[in-house]
Protein chains: 2
Amino acid sequence: MISKLAIIGPGLLGGSLMYAMRARSADTKIAVWARRLDAVEIIRALTTADIASTDIATVVSDAELIVLCVPIGAMPSLAEKIAPLVSDSAIVTDVGSVKSFVVRSLDQIFAGKARFVGSHPMAGSEMTGLSAARADLFQDSVCIITPSPQTSPTEMDLISGFWQVLGCRIRILTPEEHDRIVALVSHLPHLVAAALMHLTRDAQSDALEFSGNGFRDTTRVASGAPEMWTEIFATNREPLKNAAQAMIEKLQRAVRLLETCSDKEMMQFLTQAKAQRDSLRSRK
Amino acid sequence: MISKLAIIGPGLLGGSLMYAMRARSADTKIAVWARRLDAVEIIRALTTADIASTDIATVVSDAELIVLCVPIGAMPSLAEKIAPLVSDSAIVTDVGSVKSFVVRSLDQIFAGKARFVGSHPMAGSEMTGLSAARADLFQDSVCIITPSPQTSPTEMDLISGFWQVLGCRIRILTPEEHDRIVALVSHLPHLVAAALMHLTRDAQSDALEFSGNGFRDTTRVASGAPEMWTEIFATNREPLKNAAQAMIEKLQRAVRLLETCSDKEMMQFLTQAKAQRDSLRSRK
């Protein structure tokens, strides 16, 4: 399908892309860029990629599809370096967890040079780095694509086809819708898990000694990389702030129900929450 | 060790107690009380217990240890029925998730009749009922025992030994300490998970369509039985209210950090949360 795929940054997502693409398309030339020589040497030793280099020109030249798999904050400066080097038929995408910021910055940088279309494969874990990468990371996950008004049907087909080959189900949203929804189902849960950990940290007793599986599950995401999450929060401030405010209001309502012994309303609150959570089980 | 064990209520915990005890002690006579005849018939068909009956006198008479495995709200009225029937050397315990309320009520009911000592095995899941019961449910979990000033060393030895045989690690707390800690590591996480589900319910878009593994883990406990959790919340109002207030304050602080672009402080907040969460991984 794709003649040459350039993967920029061999972390969890970039590394998994490399493995997943190699497993599914023997004909695609896979080129990987890493900032550090030791990372390049590890990728060369793996022999999964056709090209591994710290020289970005070698990696992106003639690439049909370029996927930025670096932290969001590093994307604009890397895009500035890549833009003059790509063929004008190249399509550039990314894997960032925030879309308005990324699309706004990269649309501008690639204007007149290549076409940028934002992607967000909703796969990952609290693990990071190439050592956690796996060929099936994207299997059965949702990939959100956020086309701009300039994105052509051909470009959409190429990007959608790419993620579908890797096992993703495609959903299309505007960058703003994406950021609002993801603030709710990913960024707020991370903030909440971190806040729960802080409460056990503040406690006089060793509260963790008494935590069970429920607590472990609820707080697992708090182990995610702080640098990455600080950057995600910083580039999605407004939607996350709104989600956190809505969460505060829900908790304030629960406090009122406890204070007024409104057990019937509490029961209704928990019953509705259970129905909503149970509906998730039956989905793929 | 124990000549006769009476299990009052064959749900997830009572049923698991039955299986676990049978697997570990061939000599203990196991008697199970169920409110409904059809439940008794299921237990008889399983042949794991020596006695299964809706007649509470048959089940508790001559029992050395009686374990109340019914919902917290049903404990006082059942205890009133059991108290006149037990031998005065009998020890009564429970498996309730709240301790001040239970210990206060049951200490009084059994005064002069049998000795009550509260227990809280921190095992369970969002599943309920006998069909979810398993012999290894208590293996490697923490069991908190909340003795009263009247509890003798012999009584403590019997209760501790009982839970240890089933695979639990024993921790001893006062009922008030128990309720404060459990509000933080179990009741608040449940409330938070329910609130997150409500936010996705309120959202205009189908937010669940875009949720990944992190969201699933963070909200898993929201599938727990609403009746049970309403009762837990209602019998632990004050500690849960305080925990929810502390959570609101943490979220308000996070909102301020977002508003003032205090990314360095946010990074520190997330780094501390990660360190605290990572410390949980290395524990058993």
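Calculation rules
- Residues numbered from 1 in each chain as written.
- Chains lettered and ligands numbered in written order.
- Predicted model: local features only at pLDDT ≥ 70, side-chain atom pairs only at ≥ 80, totals over all residues.
- Heavy atoms only, no water.
- Contact = heavy atoms within 4.5 Å.
- Buried area = accessible area lost by both parts, 1.4 Å probe.
- Salt bridge = Lys/Arg side-chain N within 4 Å of Asp/Glu carboxyl O.
- Polar contact = N/O pair within 3.5 Å; in protein donor to acceptor, adjacent residues only side chain to side chain.
- Least-squares fit on C-alpha atoms with pLDDT ≥ 70 in both.
- Axes fitted to C-alpha atoms, helices over the stretch in contact; angles between N-to-C directions.
- Helix = DSSP H or I, 4+ residues; strand = E, 2+ residues; numbered from the N terminus.
- Parallel < 35°, antiparallel > 145°, perpendicular 65-115°, else oblique.
- Nonpolar A, V, L, I, M, F, W, Y, C, P; charged D, E, K, R; others polar.
- Expected span 1.5 Å × (residues − 1).
- Left-handed = near helix turned anticlockwise from the far one by under 90°.
- Pairing = 2+ DSSP bridges.

J.: Is there a simple way to explain the interface of chain A and chain B in this structure?
T.: Residue-level contacts link 85 residues of chain A with 85 residues of chain B. Between chain A and chain B, the buried area comes to about 8500 Å², and carbon and sulfur atoms account for 67% of it. For the chain A face of the interface with chain B, the top three residues by lost area are A:Phe210, A:Leu258 and A:Arg277, together amounting to 9%. Our count for the contact surface shared by chain A and chain B stands at 10 salt bridges. A:Asp217 serves as the salt-bridge partner of B:Arg220, at 2.5 Å between the closest nitrogen and oxygen. On the surface where chain A and chain B come into contact, there are 23 residue pairs in polar contact (both at pLDDT 80 or more).

J.: Explain the relation of the copies chain A and chain B to me, please; I cannot follow it from the model alone.
T.: A rotation about an axis combined with a shift along that same axis relates the two copies of the chain. With an RMSD of 0.0 Å, the operation that places chain A on chain B is a rotation of 180 degrees combined with a shift of 0.0 Å along the axis. Such a combination of rotation and displacement between the chain copies is what one expects of a two-fold axis. By C-alpha distance to the rotation axis, the residue of chain A lying nearest is A:Thr218, at 1.9 Å. Both copies share a contact surface, since 100% of the interface residues of chain A are interface residues in chain B too.

J.: Help me understand the packing of helix H5 (residues 100–110) of chain A against helix H7 (residues 175–202) of chain A, please; the structure alone is not making it clear to me.
T.: In helix packing, the relevant descriptors are the interaxial angle and the interaxial distance, both defined with respect to the helix axes. All names here are of chain A. At a minimum axis separation of 8 Å, H5 and H7 run at an interaxial angle of 150 degrees. When the axes of H5 and H7 are compared, the pair comes out roughly antiparallel. On H7, the residues touching Ser-100, Phe-101 and Val-103 of H5 are Pro-175, Glu-176 and Asp-179. When grouped by side-chain class, the residues that make up the contact of H5 with H7 number three nonpolar, one polar and two charged.

J.: Whenever I open this one, helix H10 (residues 237–259) of chain B confuses me. Can you help?
T.: Helical periodicity: at 3.6 residues per turn, an α-helix aligns residues three or four positions apart in one direction. Look at H10(B): 32 Å from first C-alpha to last across 23 residues, which is about the 33 Å you get at 1.5 Å a residue. One or two residues past the end of H10(B) sits B:Cys261, with phi positive at roughly 50 degrees.

J.: What is the right way to read the packing of helix H11 (residues 263–281) of chain A against helix H7 (residues 175–202) of chain B from this model?
T.: At a closest axis distance of 8 Å, the pairing of H11(A) and H7(B) adopts a crossing angle of 70 degrees. Between H11(A) and H7(B), the interaxial angle falls into the category roughly perpendicular. Where H11(A) crosses over H7(B), the handedness of that crossing is left-handed. Along the contact surface, H11(A) presents A:Phe269, A:Leu270, A:Gln272, A:Ala273, A:Gln276 and A:Arg277, while H7(B) presents B:His190, B:Leu191, B:Ala194, B:Ala195, B:Met197, B:His198, B:Thr200 and B:Arg201. The residue inventory of the contact of H11(A) with H7(B), partitioned by class, reads seven nonpolar, five polar and two charged.

J.: Is there a simple way to explain the sheet that holds strand S6 (residues 115–116) of chain B in this structure?
T.: Consider a sheet: its strands pair through backbone hydrogen bonds, and that pairing is either parallel or antiparallel. All names here are of chain B. Across the sheet, six strands lie side by side as S3-S2-S1-S4-S5-S6; this open sheet has parallel pairing. With partners counted over all chains shown, the strands left at the sheet margins are strand S3 (51–53) and S6, one partner each. In terms of strand pairing, strand S4 (residues 65–68) meets strand S5 (residues 91–94) through four bridges, oriented parallel. Its bridge partner being in S5, Ile-66 is matched across the sheet by Val-92.

J.: Before we go on, may I ask you to explain the pattern of salt bridges in this structure?
T.: Opposite charge on two side chains makes pairing possible when the charged atoms of those side chains draw close. Counting across every chain of the model gives 26 salt bridges over all chains. Between B:Lys241 and B:Glu238 there is a salt bridge, and its shortest N-O distance comes to 3.6 Å. Of this pair, B:Lys241 and B:Glu238 both sit in helix H10, separated by three residues, roughly a single helical turn. Note that B:Arg281 is salt-bridged to B:Asp278, the shortest N-O span being 3.8 Å. One end of the pair is B:Arg281 and the other is B:Asp278, both in helix H11 (residues 263–281) and three residues apart, which spans about a single turn. Connected via shared salt-bridge partners are A:Glu238, A:Lys241 and B:Glu259.

J.: Even after reading the chapter, I still don't get the sheet that holds strand S8 (residues 142–146) of chain A, so can you show me in this structure?
T.: Residues and elements named next belong to chain A. If you trace the three strands from one edge of the open sheet to the other, you get S7-S8-S9, paired in mixed fashion. Every interior strand has two partners, whereas the edge strands, strand S7 (118–121) and strand S9 (169–172), have only one. The sheet shows a mean angle of 25 degrees between the axes of neighbouring strands, taken without regard to direction. Strand direction decides the pairing type here: S7 and S8, joined by four bridges, are antiparallel. What sits directly across from Pro-121, in S8, is Cys-143. Across the sheet, helix H6 (residues 153–165) lies against S7, S8 and S9, angled at about 165 degrees from S8, the strand it touches most.

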